[in-house]
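Observations on the model geometry
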Amino acid sequence: MLTRTNRFKVGMPHLAPEKLSEVELLRLLGANRWESISQMWGVPSHEIVNRDNERLYASFINIELNFGRGHLLETLSEGTLVQVDESVSSYAGKFVEGVAVISTPRQERPPMDSLETLADARGLDLPWVYMTNAFIAPRDSNNRLLVCSPVGSGEQELPRAARLPLGIAEHEEVQTSGNIQPFEEAGPASPLSPRDGAPIPYDIALESDINGAGLVYFCRYVSIMNYAERVLLTERLGSPLSIHAVASLSTERRRLFYFANAGPADKVEVVLSAQVMPPGDEQPDAVDSPFCTMARFLFRADLYRCSDRTLMASSLAQKAMNVRRSRKAVIKDVQRFLARS
C-alpha cells in the first residue's frame, strides 16, 4: 500500500457560495490521486501507457464520501489549510482503490496503513472519500473506452490489493440491479412530487465539462447533478424554493457510480427524485456554527447519454440545507417550503 500526505489552502477558486465546493474538492482529490498513481508506477502521469504505447487515463469507477453532519464544507472556508492523507493500492494491474482522509493539520488521524478498503473507510469518524479507478484508453469516441493494464518502471513493486475492491463489486451490483445501498443513518423521508416529472436536459459544455483527455471530467458529473437538483427545487415543485435556499445545500454523504462517458457534442438527461427529511440532531461541534441545518434531502440521480440512451452514472446523495443564521429571509423561505411539503 502506498501512503501519501498532501496539503492545500482553500482559496476563492475552490468555493461555492458560503462553503467549499464539493465539485472543486473532488477536482483536488482527483489531482492528488493522479500523483499517487504516478508515484506507484514510477513515471510521470503523462507517460502512463499500455504495451501498445497508447496513453492511459485513470477513469473513475465509483466514489463514496462521508463528510459527516458537522457542516464540514462550510467549516473549510477560504484560507483554511486542509490535509489529505491517502492510502492507495492496485488490483489486477488495471484498477486502483484508495481512501483519502480529510482533516486540518492539528486533528488526530488514524494510521493510513490501516485504511485500505471501502469497509475500512466506513468505520472512520473523520471525513473521508473512497475512490476506485480503472485505466482506460479511448477507442474511436468517448462512447467506447477500453480497460487496459499500464506498464511502467515500478510495475513489479506495485502495492497490490489481495481481494477484489468492494467499490468494484458494488459498481457491478448497481449497474445490474439499479439499486444503491441506502445510508445507514438516514431517517424518515417524504418524497417530493414535481409538477413536471420529465427528465431534466443538460447540454455538455465544452469549455467546462470536458477535460484534457476529451472526456467529461468525473467531478463534472456531480455538477450536472447539482444543476438538475436546482431545476427541480426552484422550477418544478408546486411550492418551489428560492435560489438562495438551494445554494445552502451542502453534501454530507454520496455514493456515485460511473458507467459511461460522452462527447462534447452530446446531451445528457437527468432522471432525478428527491425526498426531504427532518434535520435531526446536530453534532456537538456544530452547535456554535453560524449555520443552522433546517432540513436534509435525499437525491437519487441517473444520468443518460441522449444519443443512445446509455446510462452514464447513478448517484445517491444526502444533503443538508445549512442556512446562515443571519439570513432571516432565507430561513422563512425554507420554513414555508417545509410547512407546505
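As a reminder, the structure under discussion sits directly above these lines.
Because the structure is predicted, anything quoted here is derived from the model rather than measured.

Across its 20 residues, helix H1 (residues 22-41) extends 28 Å between first and last C-alpha, which sits within 8% of the 28 Å expected from 1.5 Å per residue. Where burial is concerned, most of H1 is hidden: 15 out of the 20 residues are buried. Between the side-chain oxygen at the start of H1 and the backbone nitrogen of valine 23 there is a gap of 3.2 Å, and the oxygen is on serine 21. Glycine 42 sits one or two residues past H1 and shows a positive phi near 75°.

This part takes up the nonpolar core. Core analysis: the biggest nonpolar cluster contains 66 residues, and Leu29, Leu233, Leu241, Val270 and Phe297 have the highest contact counts within it. The biggest single contributor to this core is helix H6 (residues 218-235), with 10 residues. If sequence neighbours within four positions are ignored, leucine 29 has contacts with Val84, Ala100, Ile102, Val129 and Met131. Core analysis: the second largest hydrophobic core is formed by 14 residues, Met40, Leu56, Val88 and Val96 among them.

Moving on, we come to the environment of lysine 328. With respect to the helices and strands, the residue lysine 328 is situated in helix H8 (residues 328-340). Separated by 141 residues in sequence, lysine 328 and glycine 187 have C-alpha atoms that sit 27 Å apart.

What follows deals with the environment of glutamate 207. Turning to its location among the elements, glutamate 207 is positioned in helix H5 (residues 206-209). Distance in space between the C-alpha atoms of glutamate 207 and proline 264 is 9.2 Å, their sequence separation being 57 residues.

Here the focus is the packing of aromatic side chains. Per the counting criterion, the structure on display carries 7 aromatic pairs. On the basis of an interplanar angle of 80° and a centroid distance of 4.8 Å, the ring pair of tyrosine 217 and phenylalanine 218 is categorised as edge-to-face. Here the two residues tyrosine 217 and phenylalanine 218 agree in accessibility, since each one is buried. Through pairs of rings, three or more aromatic residues link up here, namely Phe60, Tyr217 and Phe218.

The next point concerns the pattern of salt bridges. Within the structure shown, the criterion is met by 21 salt bridges. Ionic pairing is found between aspartate 196 and arginine 236, a salt bridge with its closest N-O pair at 3.8 Å. Here arginine 236 lies in the loop between H6 and helix H7 (243-246) and aspartate 196 lies in the loop between strand S9 (190-191) and strand S10 (200-203), a separation of 40 residues in the sequence. For lysine 319, the salt bridge goes to glutamate 229, with nearest N and O atoms at 2.7 Å.

For the rest of this paragraph, the subject is unusual backbone geometry. The backbone of asparagine 53 shows a phi angle near 65°, a positive value even though the residue is not glycine. Its place among the elements puts asparagine 53 in the loop between H1 and strand S4 (57-66). At histidine 71, a residue that is not glycine, the phi angle is positive and equals roughly 60°. With respect to the secondary-structure elements, histidine 71 resides in the loop between S4 and helix H2 (72-75).

Here is what the cut-offs are and how they apply
Residues numbered from 1 in each chain as written. Predicted model: local features only at pLDDT ≥ 70, side-chain atom pairs only at ≥ 80, totals over all residues. Heavy atoms only, no water. Helix = DSSP H or I, 4+ residues; strand = E, 2+ residues; numbered from the N terminus. Expected span 1.5 Å × (residues − 1). Buried < 20%, exposed > 50% of the residue type's maximum accessible area, 1.4 Å probe, protein only. Polar contact = N/O pair within 3.5 Å; in protein donor to acceptor, adjacent residues only side chain to side chain. Core = buried A, V, L, I, M, F, W, Y, C linked by side-chain atoms within 4.5 Å. Contact = heavy atoms within 4.5 Å. Phe/Tyr/Trp six-rings, centres within 6.5 Å; stacked < 30°, edge-to-face > 60°. Salt bridge = Lys/Arg side-chain N within 4 Å of Asp/Glu carboxyl O.

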